[in-house]
Amino acid sequence: MTVDYLARRIGMFVAVIFVATSFNFFLPRFTGQDPIATRLELLAAEGVTTRAEDYAALIETYNAKFGLDRPLVLQYLTYLSTAVRFDFGESITKYPTRVSELINQAMPWSIGLLVTSTLLAFVVGTLGGAVLAWQHGPKAAFELILPPFFLLAAVPYYLLGLILIWLLAFQAKLLPLGGGYAPTTLPDWSDFGFLWEVFKHSLLPALSIVLASIGFWALGMRSMMITMQGEDYMLQAEAKGLTKARAFFRYAVRNAVLPQTTALALTLPHVVSGAILVERIFGYPGIGRVLYEAITGFDYFVIQGVVFIIVLAIAFAMLVIDVIYPLLDPRISYSSA
Amino acid sequence: MATTAPTEPLATSSSPTSDTLNQAAGLWRYMKRNPSIIAGFVLLGIIILFWAFGTLMTAPEDAKDLAFAPPNKRPSLQNPHPCYASENPRELCFAYDNEERQHLLGTDRLGKDILASFSQGIPQTIMIGLIAGSLGTVVGTILAFVAGYYGGILDAAIRFIVDTLQTIPGLLILIIITIAWREVGGGEMTFIQLALIIAMLAWLGPTRVVRSQVLVMKQRSYVEMARLSGMNGPEVILKEMMPNLMPFIVANFVLAVSSAILASIGLEALGLGDFSSNTLGMMIYHNIWYGSLVNGWWWWWSPPIVVIVILFIGLFMLSRGMDEWANPRLRRRF
């Protein structure tokens, strides 16, 4: 029953988003931390001070402005109704910038970095792992190249990033130390020179994600392929007289790639967690940096917006993979999945 | 006890001591066939040796912020450790202010002896991993048995919570909880509290993995047999299933410890750690904060990275080896 499965899966999707956003709304509020006071402290540190009697009035005005003085339940309902319209209000620390504007600026950077590096690692790792398990392939070369990647897979992305910064940016001076583009240039997306600069700045963060995750995919694919080679249909393929390469790619790899796709959906949250730290290390202007700055400044609305978008993106990616999975693998029917 | 005495020789053919010896010998023979476990133990052993070396060579007070300097000379952001302000920081940082004891690995910008920091930080980081990992494994295993064995509404509820929370990047949740915790504690948080925070999510993985094993094992004939012979739920779980799942749970415990340490270092690197501790993550944080990479202070940033990399690779090898030990189907060599 395809419709049934779809309905159940979409129901789950909505539930995940609802629970995650509720959690996200209530937790920062239980801290007892006052975002307005934090903002005023920040201003005071910059030299903007006011008389003590004005201070209380100022806090009251701001609380009213951001609706922070209303009952929690009302704030929550407002939050839910605006969140579904992707409206997260204005940032407290960067007032009057809208949260959606901050996210819109940062999102392309993160998506570009994450999608390219994750897909690259997935493809290279999966192919490498497959060849490693194939008795007739060019095994020797891969047996030398891949094992170091298995070990790298145990190292957090950002530590690898630190080592890469030192090697390639600090010592060899081949690549920039961090940031999305040089601070002296003005962003101009139609200028080829600027695009080249953006590319150069993204190489190191991307490389640290790719190098640290190739091994993960290679390991998964290798063990999957080993299981596949014991299957009856592999014996049959051989008995039919198919070439070894055809049996390998059409019979074994095709089947082994499927569980890898599921793993891709399941590990997405981990990849994003790692990428937040990578962006922090490299000062990359992505969503991770926005989140980090919001956390240190107790900017509720930005935290809510960013977490909502990340959860939405991950839940959506998982939904897509779950829905197309039975199409890729005829053995799995929608009803049993 | 005349009635029970004759049965004893039948139960064990040799004395208890030689039995343990045989078991140990068997374990050793097995370990030789499982190089991953050996590599894991060796790498973790290197870290323990490094810690022991540091503890022998330094005194605990060396790990304090320039503890031997008068308070007004303590380094800070505005007033860094004098050796770092000099022309040639490396020379000075290794000899500074300590005639009796050489700083073998130098000092950091805060004036802490780096080797002494390790002798404090390594046990602290491992403690975080063990606390969060064992809490997560115990809670996760209990929930997994409740969900997998009894099924029904409890199973559905537990599965829903696990599925939901695993969709959200764990780091996001931990960041928010850590900030909340720190604020409630008035800006202070010990590394033990950090471990407890991480434990709040550490049960998710074990619950999911152990539950699926419980589901498979529930169908086995010996479990059916036990149920038919009138054992109740807890009895079946404790007497029949737990002993058989133990290797699997232990292998997962190593993974749980590893991911707890990973989470702690991530949080600490973001500046959400215990500032009075010297954990490996706090060392990374201070390095990022002071930009030791771009300043070329390699003697400060490289040791913690090396130790963390060895620690993670060691735990990874150990968990791979234990996986093989727990799952005999993997034991064949390919």
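Remember, predicted model here, so these are calculated numbers, not experimental data. (Residues numbered from 1 in each chain as written. Chains lettered and ligands numbered in written order. Predicted model: local features only at pLDDT ≥ 70, side-chain atom pairs only at ≥ 80, totals over all residues. Heavy atoms only, no water.)

### Regarding the interface of chain B and chain A
If you look at the interface, chain B gives 40 residues, while chain A gives 47 residues. Across the chain B to chain A interface the summed buried area is about 3900 Å²; carbon plus sulfur atoms make up 85%. Three residues stand out in chain B for area buried against chain A, namely Thr167, Ile176 and Leu293 of chain B, and they jointly supply 15% of the buried area on that side. Put simply, chain B and chain A have zero salt bridges between them. Across the chain B-chain A interface, the total number found is one residue pair in polar contact (both at pLDDT 80 or more). Of all the secondary-structure elements, those providing two or more residues to the side of chain B that touches chain A are helix H7 (152–167), helix H8 (170–184), helix H12 (233–269), helix H13 (280–290), helix H14 (292–295) and helix H15 (298–326) of chain B. The element contributing the most residues to the side of chain B that touches chain A is H8 of chain B, with eleven residues. (Contact = heavy atoms within 4.5 Å. Buried area = accessible area lost by both parts, 1.4 Å probe. Salt bridge = Lys/Arg side-chain N within 4 Å of Asp/Glu carboxyl O. Polar contact = N/O pair within 3.5 Å; in protein donor to acceptor, adjacent residues only side chain to side chain. Helix = DSSP H or I, 4+ residues; strand = E, 2+ residues; numbered from the N terminus.)

### Digging into the pattern of salt bridges
Evaluated as defined, the whole model comprises three salt bridges over all chains. Across the pair Arg289 of chain A and Glu293 of chain A runs a salt bridge, and its minimum N-O distance is 4.0 Å. Taken together, the positions of Arg289 of chain A and Glu293 of chain A, both in helix H11 (residues 287–296) and four residues apart, correspond to about one turn of that helix. Residue Glu293 of chain A is classed as partly exposed on the basis of its relative accessible area, which comes to 36%. Glu235 of chain B serves as the salt-bridge partner of Lys239 of chain B, at 3.5 Å between the closest nitrogen and oxygen. Remark: Glu235 of chain B and Lys239 of chain B occur in helix H12; sequence separation between them is four residues, near one turn of the helix. Overall, Glu235 of chain B belongs to the partly exposed group, its relative accessible area being 30%. (Buried < 20%, exposed > 50% of the residue type's maximum accessible area, 1.4 Å probe, protein only.)

### A word on a positive patch on the surface
A surface patch of like charges, here positive, comprises Lys240, Arg246, Arg250 and Arg254 of chain A. Overall, the relative accessible area of 43% leaves Arg246 of chain A in the partly exposed class. (Patch = residues over 30% accessible without salt bridge, like charges linked within 9 Å, V, L, I, M, F, W, Y side chains within 5 Å. Areas by Shrake-Rupley, 256 points an atom, 1.4 Å probe, with all protein chains shown as cover. Lys, Arg positive; Asp, Glu negative; His and termini not counted. Charge placed at Lys NZ, Arg CZ, Asp CG, Glu CD.)

### Some details on the packing of aromatic side chains
All chains considered together, the criterion is met by 14 aromatic pairs over all chains. When the centroid spacing of 5.6 Å and the interplanar angle of 25° are considered together, the rings of Trp196 of chain A and Phe199 of chain A count as stacked. Taken together, the positions of Trp196 of chain A and Phe199 of chain A, both in helix H8 (residues 192–229) and three residues apart, correspond to about one turn of that helix. Relative accessible area serves as the criterion here: at 43%, Phe199 of chain A is assigned to the partly exposed category. For the ring pair Tyr149 of chain B and Tyr150 of chain B, a centre distance of 5.1 Å and an interplane angle of 85° mean the geometry is edge-to-face. A residue is classified by how much of its surface remains accessible, and Tyr150 of chain B, at 48% relative accessible area, is partly exposed. Here the basic side chain of Lys173 of chain A rests over the ring of Phe170 of chain A, its NZ or CZ set 5.5 Å away from the ring centre. (Phe/Tyr/Trp six-rings, centres within 6.5 Å; stacked < 30°, edge-to-face > 60°. Lys NZ or Arg CZ within 6 Å of the ring centre and 35° of its normal.)

### Focus on the domain arrangement of chain A
All names here are of chain A. Partitioning chain A into structural domains gives domain 1 (1–93 + 297–337) and domain 2 (114–285). Between domain 1 and domain 2, the residue contacts involve nine residues of the former and ten residues of the latter. Overall, the association of domain 1 and domain 2 removes approximately 930 Å² of surface from exposure, summing both partners, and the carbon and sulfur fraction of that is 78%. For the domain 1 face of the interface with domain 2, the top three residues by lost area are Ile314, Ile321 and Tyr325, together amounting to 46%. Applying the counting rule to domain 1 against domain 2 returns zero salt bridges. (Domains from an automatic or database assignment.)

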